[in-house]
Structure formats: structure tokens, C-alpha cells
Amino acid sequence: MTLSADIGATDMPSLKHLSRQTPHEEIWQTFDHDGGLIIDDFLDPQTLQKLRDEVLPTVANHPAGAAAGHEFWQHFHGTQTKRITGLANMSPTWGEVLCDSLYKGMADHYLGNDNYHLNTGQLICIGPGETPQLLHRDELNWPEAAGRDSELTVTAIFALTDFTKENGATVIAPGSHRWPGALPAVDPNQTCQATMTAGSALLYSGKVIHGGGPNSSVDQWRVGLHAGFVLGWLRAEENHQLTTSIDTAKRLPEHAQRMLGFRSFNPPKAARLGLVNYEDAGILLD
């Protein structure tokens, strides 16, 4: 049962767990009510294993913590957390997941059919000893556009390992997508953790307040694939064209090429964006 998380609620909230076989309308109703939910069997076992085989060797060799940058961002990203982008070059299976019908359906429903591109596809690997991440709303990456009734960005976090309370399962405040203010105070009693088994996915609104959880384990790494979509007229966090080679892009399905910016954005009733010689960028791939 999903409990209300309105400000002042005394009951501990929780996230609802649904199946891939759940009708999409029921999934969106839960998403709208709580700001997020978990799909327990989002990735089939074969896809999960292929993703793990393709990305975990890189995870093992990647250093934790931000190498450089502003002190705030070093703290926000975590000193014991590994963040890795450029997944398309690393994992052919990631290009297939980008075209998943439920994943694409979420973006089409909330952002408009093909009216978006990939914001970031990153591995977030929370290591032992990591502290809680600052709670935040993803849409505040674009402060001039944030605060509208409709969504700017919607995201999935795919669990490549089990997410537990001990190893840093995402902290989320269900219902906070309806709370007023840019970043209101959050009582711990208004949050829960998105515990889920490997192969599950947390789907959530760019308006919901959330953050990476603390990892109090001795030797467990919580590995998640964090990948959201953003409206096509907004700048994505990750510069995919610098982390994905042209050769890799040519091998991807057309939808995945579009998500990574290798095909131009064609919004309805507006000018085309991301052109090459005023032609679709796909001319460099075809």
C-alpha cells in the first residue's frame, strides 16, 4: 500500500512496487500520485546480466569521488561514489534498453512523443562509508524553466545490484512533487528508501525530492544506472556527442541515436535544433 506523504503526515511513506505487466495507465496513475514507483522486473535476467558484464569491469577500475571542480559539487557527487558516463561506447546493451517500450512510454507520456532527448546515462556506484546525498529536485538543473505544472525531466534508476537500506538505496519523499517551493524542508519521517532487487527500476518525477542514500555496509557497492530524459529544447547534463563515438552511434538503433543527439530535434510548430548544414544531423550517420 502506498501512503500519502503530504506535509505534516505522521505515517511513514512507502513506494509502490508494480510489475512490467501492469497496464501503463495504472503505472502513470501511481507515478502521478506518489512522484515515483518501482517496477520490480523492469530488466529481464538476460539483459541485466549483459549490462553487468559490459559495465562492471569499468566500475571496478574507476576511482571514487570527483577529480576536480567546485567544493559543493565534490560533496554533492560523493567522496565514496563512482560516477561514470559514456555508456553507449561501453555497453551495446544500453542502446537496446534506450528503446525499451516502457522506458520510452514514460518519456512519451510525460514529455510528449519524441519531444525529448537523453539527459544523462550514468552509472552511480555508492561505496562503503558514503554519507547521504543532499536531497534535491532534478528539475532544478534548469532553474529558469523549473516550477511549471508539466514535467521537464523524468528518470529511471535501473538497479544493477540489489538496493538495500545498508548499501545506499535512493532516499525519496513520496508526494513531494506536489510540495510548494523550490526546495522545502524535509522531515526524515516524510522519506523512505527505494529498496529493490537487481533488475528493478525506480521511475520518478523531476519534481520529486530525493537523493542517494548512505552506505553503512562494510564491502557492498550499490550500482545503479541513472538515466533520465529531458525536454528537447533544454541542454542535457551529459555531452553525449563527446562520450559516444561516431562509429558507436552508427551501430545504434535510430531512436537511441536521436536520444544521444546524433539526430536532430524536430519539435512541433518550432524550428529544428541540432542541425548540420541545416540538415538533420543524421546525415553524418547514414
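Residues numbered from 1 in each chain as written. Predicted model: local features only at pLDDT ≥ 70, side-chain atom pairs only at ≥ 80, totals over all residues. Heavy atoms only, no water.

Describing the overall build of the protein
Okay, so step 1: Looking only at helices and strands, one finds nine helices and ten strands in the protein.
Okay, so step 2: Taken over the C-alpha trace, the protein has a radius of gyration of 18 Å; the compact-globule value for 286 residues is 19 Å, and the two agree within 12%.
Okay, so step 3: When its C-alpha atoms are laid out on the principal axes, the protein stretches across 55 × 45 × 40 Å.
Okay, so step 4: Residues classed as buried in the protein amount to 51% of the 286 residues present.
Okay, so step 5: A fraction of 76% describes how many contacts in the protein between residues 6 or more apart in sequence connect residues 24 or more apart.
Okay, so step 6: The protein carries 20 positive and 33 negative side-chain charges, and their two centres are separated by 5 Å. (Helix = DSSP H or I, 4+ residues; strand = E, 2+ residues; numbered from the N terminus. Rg over C-alpha atoms; globule rule 2.2 N^0.38 Å. Buried < 20%, exposed > 50% of the residue type's maximum accessible area, 1.4 Å probe, protein only. Contact = heavy atoms within 4.5 Å. Lys, Arg positive; Asp, Glu negative; His and termini not counted. Charge placed at Lys NZ, Arg CZ, Asp CG, Glu CD.)

Some details on the sheet that holds strand E9 (residues 210-211)
Okay, so step 1: Sheet architecture is open: three strands sit in the order E7-E6-E9, paired in antiparallel fashion. The open sheet has two free edges, formed respectively by strand E7 (192-193) and E9, since each of these has just one partner strand.
Okay, so step 2: Across two bridges, strand E6 (residues 171-172) lies against E7 in antiparallel orientation. Bridging across to E7, valine 171 finds its partner in glutamine 193. (Pairing = 2+ DSSP bridges.)

A short note on the nonpolar core
Okay, so step 1: Ranked by size, the top nonpolar core spans 52 residues in total, and within it Trp94, Tyr103, Leu123, Phe158 and Leu203 carry the most contacts.
Okay, so step 2: Judged by nonpolar contacts, the second largest core, of 13 residues, contains Ala159, Ala169, Cys192 and Met196. (Core = buried A, V, L, I, M, F, W, Y, C linked by side-chain atoms within 4.5 Å.)

With respect to unusual backbone geometry
Okay, so step 1: Not every positive phi belongs to a glycine, and aspartate 114 is a case in point at roughly 50 degrees.
Okay, so step 2: Residue position: aspartate 114 is located in the loop between helix H6 (101-111) and strand E4 (116-126).
Okay, so step 3: We classify aspartate 114 as partly exposed; its relative accessible area is 32%.
Okay, so step 4: At asparagine 277, a residue that is not glycine, the phi angle is positive and equals roughly 55 degrees.

Description of the sheet that holds strand E5 (residues 153-159)
Okay, so step 1: Read from one edge of the open sheet, seven strands run E1-E2-E8-E5-E10-E4-E3, paired in mixed fashion. The sheet is open, and its two borders are formed by strand E1 (17-18) and strand E3 (81-84), each paired with just one other strand.
Okay, so step 2: As paired strands, E5 and strand E10 (residues 222-231) are joined by seven bridges and run antiparallel to one another. Bridge assignment links threonine 155 to a residue of E10, and that residue is glycine 228.
Okay, so step 3: Running at roughly 140 degrees to strand E2 (residues 36-39), helix H1 (residues 24-34) makes contact with E1, E2, E5 and strand E8 (201-205) of the sheet. (Axes fitted to C-alpha atoms, helices over the stretch in contact; angles between N-to-C directions.)

A look at H6
Okay, so step 1: For H6, the buried fraction is high: eight of the eleven residues fall into the buried class.
Okay, so step 2: Of the positions making up H6, those classed as buried are Leu102, Tyr103, Gly105, Met106, Ala107, Asp108, Tyr110 and Leu111.
Okay, so step 3: Sitting at the head of H6, aspartate 100 places a side-chain oxygen 2.9 Å from the backbone nitrogen of leucine 102.
Okay, so step 4: One or two residues past the end of H6 sits glycine 112, with phi positive at roughly 105 degrees. (Polar contact = N/O pair within 3.5 Å; in protein donor to acceptor, adjacent residues only side chain to side chain.)

Regarding the side chain of threonine 155
Okay, so step 1: As for its position among the elements, threonine 155 is in strand E5.
Okay, so step 2: Residues in contact with threonine 155, not counting those within four places in the same chain, are Met106, Asp138, Leu202, Leu203, Tyr204, His226, Ala227 and Gly228.

Describing the packing of aromatic side chains
Okay, so step 1: Taken as a whole and judged by the stated rule, the model has seven aromatic pairs.
Okay, so step 2: Centre to centre, the rings of phenylalanine 42 and phenylalanine 158 are 5.2 Å apart; their planes meet at 75 degrees, and the pair counts as edge-to-face. With phenylalanine 42 in the loop between E2 and helix H2 (45-61) and phenylalanine 158 in strand E5, this residue pair connects regions lying 116 residues apart in the sequence.
Okay, so step 3: The exposure class assigned to phenylalanine 42 is buried, which follows from its relative accessible area of 3%.
Okay, so step 4: Assessed through its relative accessible area of 0%, phenylalanine 158 is described here as buried.
Okay, so step 5: Counting every residue linked through ring pairs, the aromatic cluster contains Phe42, Trp94, Tyr103, Tyr116, Phe158 and Phe229. (Phe/Tyr/Trp six-rings, centres within 6.5 Å; stacked < 30°, edge-to-face > 60°.)

Everything listed is a geometric property; what it means functionally is a separate question.
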